[in-house]
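Tertiary structure, described
Next come the chains, spelled out residue by residue.
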Amino acid sequence: MKQKTLVMKFGGTSVGSADALKSATQIIRDAQKDWSRIVVVTSAMAGVTNLLLDSANHPTDAHDAESKLREKHFSAAEALIKNQSLLEETKKEINALIEIFVNLCNAIQVLGEASPRALDAVASLGERMSLRLLTAVIIEAGIKAKGIESTEFIVTNSNFQNAHPDFLTTKEKTQALLNPLLDEGNIVITTGFIGANAEGTVTTLGRGGSDYSAAIIGSVLPANEVWIWTDVDGVMTTDPRIVSSAKTLSEISYGEIAELAYYGAKVLHPKTIRPVVDAGIGLRICNTFNPTHAGTRLTANGKKNGHVIKAVTAIQKQRLVTIEGRGMLGVPGVAARAFGAVASTKTSVPLITQASSEQSICFAVPSETADNVLNALEKTFALEIEEDDIDRVWSTDDVSIVTVVGAGMRHTPGVAGKVFSQLGNNGVNVLAIAQGSSEVSISLVVDAKDTEHAVRTLHELIVS
Ligand code: ADP
Ligand code: ASP
Ligand code: MG
């Protein structure tokens, strides 16, 4: 008996070349043996979203980008699609999207700036192009398939560049549009990363958001499983680009993956987890280039592998912001006002460390937001600064947050001690620390230059 509904998402590398598209096609064909309804979510081809956004920010370079986009999509199409009319039609559709790109860049150049809304219009083109390409490749391979843009059924608010889906409307639209196609035996292929607001204007769910798209679609259909196809063998003990000996974790718990994803492990977008866990859907992360490897499964408790620390991760390009002054002790509501000021800049704070004396508050923010945050804080505390209750509000140079994750830490005394001695013995200076309230993680702030060394050093605690 076949299982019912599967959502599979292919990341940028997994659709990034003719060879990758061939593997993806074979994976879809194989899945048809075991699943009666399959939805495929595609990312933009690797590098395309960056190229699009770079051009929107430097529209004078758009001409170069235009040829690169054409060459990337057309060469894959020409390598895989032998049916001439299908090939011509696909190239025509992709070309029309490239023309929209050129027009948008021209408009941005004339205006002299790109609004978040315009940036989403540009960024969405990557997935819209890869949808045309992948659908044609699948049809060429003799698989019954229909391509449909997720702007048709993922309805979001208008928070461009980080839009939030309206799950109720999305559910209605997704079921109404996708069920008939699935019931007719089509593989449904759709775009990751993008949606549309109630007026139909395209929005994006945030960088890396195609994983989230798969989770949204999986949760509203609903699917039995969501599989994320990427370019590594699942969730590993650390980023294999930093430590080549990193090992795959065959199982990971919800709590562990949430911390890992939030603290920088790019392998899964942090928003992916909640919809699938809430809907009781199985989530698996696997490798398009090594499809027989079982990859990683998300489970309620994760597998104990004998290590208290299971994985290490890092987020770079952060700054520590400090508000300090001896007079703060008596100032009412300092923390509330400080974080209110930060929130007004729409910055999220990944880490807060609190000094018990109430003489300073210190937290991390992404480097590119630091100046805005400092301005907002200086405005909010103008009076206290003038009266010397607050001595200064300042930020460090770039730092990184390195996080060790493992549910076993909750029951094991002395993990923090081990982590600190490991770093100390290896010459890494720790600037700040925070422990996740769930006790599944400990985060340490280190100087930017120490990031990789800190990750490698802490990874030794797992393998030893
Ligand atoms: P995709 O385009 O398929 O979404 P991403 O580049 O977004 O792929 O994410 C996969 C990458 O995540 C891997 O190539 C790897 O370098 C990186 N990564 C970071 N941390 C981890 C980790 N703990 N386990 C696996 N991969 C990781
Ligand atoms: N293409 C988008 C990005 O690069 C979304 C994704 O790949 O998940 O951010
Ligand atoms: Mg990704």
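Everything below is about the structure printed above this text.
Read on for an overview of the structure.

Definitions and cut-offs
Residues numbered from 1 in each chain as written. Chains lettered and ligands numbered in written order. Predicted model: local features only at pLDDT ≥ 70, side-chain atom pairs only at ≥ 80, totals over all residues. Heavy atoms only, no water. Axes fitted to C-alpha atoms, helices over the stretch in contact; angles between N-to-C directions. Helix = DSSP H or I, 4+ residues; strand = E, 2+ residues; numbered from the N terminus. Parallel < 35°, antiparallel > 145°, perpendicular 65-115°, else oblique. Contact = heavy atoms within 4.5 Å. Nonpolar A, V, L, I, M, F, W, Y, C, P; charged D, E, K, R; others polar. Phe/Tyr/Trp six-rings, centres within 6.5 Å; stacked < 30°, edge-to-face > 60°. Buried < 20%, exposed > 50% of the residue type's maximum accessible area, 1.4 Å probe, protein only. Near = heavy atom within 4 Å. Polar contact = N/O pair within 3.5 Å; in protein donor to acceptor, adjacent residues only side chain to side chain.

**Regarding the packing of helix α6 (residues 167-183) against helix α7 (residues 210-220)**
Following both chains from N to C, one finds α6 and α7 inclined at 75°, their axes separated by 9 Å at the closest point. When the axis of α6 is compared with that of α7, the two are roughly perpendicular. On α7, the residues that touch F167, T170, K171, T174, Q175 and L178 of α6 are Y212, I216, I217, S219 and V220. Broken down by class, the residue content of the contact of α6 with α7 amounts to six nonpolar, four polar and one charged.

**With respect to the packing of aromatic side chains**
Taken as a whole, this structure holds five aromatic pairs when the rule is applied. Each ring, one from F10 and one from W229, has its centre 6.2 Å from the other, and the planes form 10°; the classification is stacked. Within this pair, whereas F10 is found in strand β1 (residues 3-10), its partner W229 is found in strand β7 (residues 225-230), the two being separated by 219 residues in sequence. When its relative accessible area of 0% is taken as the criterion, F10 is described as buried. Members of the aromatic cluster, each reached through a chain of ring pairs, are F10, W35, W227 and W229.

**Structural notes on the site of ligand 2**
Around ligand 2, a shell composed of S43, A44, T49, E127, F193, R207, G208, G209 and S210 is seen. Taking G209, its main chain carries an N or O atom lying 3.4 Å from an oxygen atom of ligand 2. Grouping the constituent residues of the shell around ligand 2 by class yields two nonpolar, five polar and two charged.

**Brief notes about the environment of T204**
Within the element layout of this structure, T204 appears in strand β6 (residues 202-204). Discounting residues that sit within four places of it in the chain, T204 has contacts with D120, A123, Q161, N162, A163, F193 and I194. A polar contact of 2.8 Å, which involves the side chain of T204, links it to the side chain of D120.

**Regarding the side chain of S213**
Looking at where S213 falls in the secondary structure, it is placed in helix α7. The exposure class assigned to S213 is buried, which follows from its relative accessible area of 0%. A distance of 2.7 Å separates a polar side-chain atom of S213 from the backbone nitrogen of F193. If we skip the residues at most four places from it in the chain, S213 touches V41, G192, F193, I194 and L205.

Remember that the coordinates give geometry; whether it matters functionally is a separate question.
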